[in-house]
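Here is what each chain is made of, one letter per residue.
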Amino acid sequence: MNSEDREENLETLQEYIDWCFDVIVMKKNQNACSPVKSETPSSKRSRPADSPEITSPTGKSFTDILDSIDKRLSSFDARLSLVEILHREFKSLRESLEFSQQQVETLAAENASLRDSVKSLTENVTHLNEENKKIKETVIDLQARSMRDNLVFSGIPESAEEDAEATVKSFIKTYLKLPEDTVENICFERVHRLGAKKPGAPRPRPIVAKFGYFKQKEQVKSRGRELKGTDFSVNDQFPKEILERRKVLFPIRRSLIQKGSRTVIAVDRLYVDGRLYRDLSTTP
């Protein structure tokens, strides 16, 4: 209903009310001036059935006007009901949105807490990895120190019932060319073959000898140059990790020697012209 129709209905209703008031007042005045006539039921029934309806000053039937108003009010009620339904739906959606927003905030808080936990765990794992690396290096260093007095003799043929210590002494005297009395004075703590015996193996198992005195071990090692051009070798014993590092350093050492540099490998470190060689791409 637009504003013009509403104003028109209100004006029509007001005119009707004013007219009714005038009629009632005029009728009251007439009754006061004329004798009262009692109206019997028969007289009421004698009224013509087709008596004219009361009309408004505008000429419209008040019944039509009231019907029109009722229809428009019914339409307005229907629209109001629709608005109420939409309002309830909107309220429900708002409550659902608020609940979802609360869930999002809760999840965001939990996510932030989990992120902090993951960050803390990552830092702890990094710290543990660093500590583990330090411990591993410490263990490797201790292993290397425990092998400090050891030499590994490679290429010495095996026999069924051999005395490893006697075999090593014979090898030192024959191939390293140390005097017999010097060899007899060498003191070993332990001499044995490395690993289990494998029938049909192409090469004999190496012999590891632990010297009782470091100076005697260095004396024997210094004679390793006598083995040049043979299938024998004498080397320090190192843990597996250090051996892997030395394998990386040997080619670098050879290339630097070809360039005229003075190089030496000490355990798992390469020194070039007296300085420690560092290359993160090839060396630890």
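Check the entry above for the structure.
To keep things clear, this report deals only with the structure shown in the data block. (Residues numbered from 1 in each chain as written. Predicted model: local features only at pLDDT ≥ 70, side-chain atom pairs only at ≥ 80, totals over all residues. Heavy atoms only, no water.)

**Section: the overall build of the protein chain**
Okay, so step 1: Counting its regular elements, the protein chain contains seven helices and seven strands.
Okay, so step 2: Mapped in sequence order, the helices and strands of the protein chain form the string α-α-α-β-α-α-β-β-α-β-α-β-β-β.
Okay, so step 3: Looking at the protein chain as a whole, 21% of its 284 residues are labelled buried.
Okay, so step 4: Across the protein chain, the fraction of contacts at a sequence separation of at least 24, relative to all contacts at a separation of at least 6, is 59%.
Okay, so step 5: When the accessible surface of the protein chain is summed, it comes to about 21,800 Å², and 54% of that surface belongs to carbon and sulfur atoms. (Helix = DSSP H or I, 4+ residues; strand = E, 2+ residues; numbered from the N terminus. Buried < 20%, exposed > 50% of the residue type's maximum accessible area, 1.4 Å probe, protein only. Contact = heavy atoms within 4.5 Å. Areas by Shrake-Rupley, 256 points an atom, 1.4 Å probe, with all protein chains shown as cover.)

**Description of the sheet that holds strand 5 (residues 263-266)**
Okay, so step 1: Read across the sheet, three strands follow the order 5-6-7 without closing on themselves; strand pairing throughout is antiparallel. What marks the edges here is a single partner per strand, and that holds for strand 5 and strand 7 (275-276).
Okay, so step 2: The pairing of strand 5 with strand 6 (residues 269-272) spans four bridges and is antiparallel. Within the sheet, the bridge partner assigned to Val264 lies in strand 6 and is Tyr271.
Okay, so step 3: Sheet contacts for helix 7 (residues 240-258): strand 5 and strand 6; angle to strand 5, the most-contacted strand, approximately 170°. (Pairing = 2+ DSSP bridges. Axes fitted to C-alpha atoms, helices over the stretch in contact; angles between N-to-C directions.)

**Concerning unusual backbone geometry**
Okay, so step 1: For Lys177, which is not glycine, the phi dihedral falls at a positive 60°.
Okay, so step 2: Within the secondary structure, Lys177 is located in the loop between helix 4 (164-175) and helix 5 (180-184).
Okay, so step 3: On the basis of relative accessible area, Lys177 is assigned to the exposed category, the value being 54%.
Okay, so step 4: Backbone geometry places Val267, a non-glycine residue, at a positive phi of 60°.
Okay, so step 5: Counting through the fold element by element, Val267 comes out in the loop between strand 5 and strand 6.
Okay, so step 6: Given the relative accessible area of 34%, Val267 is considered partly exposed.

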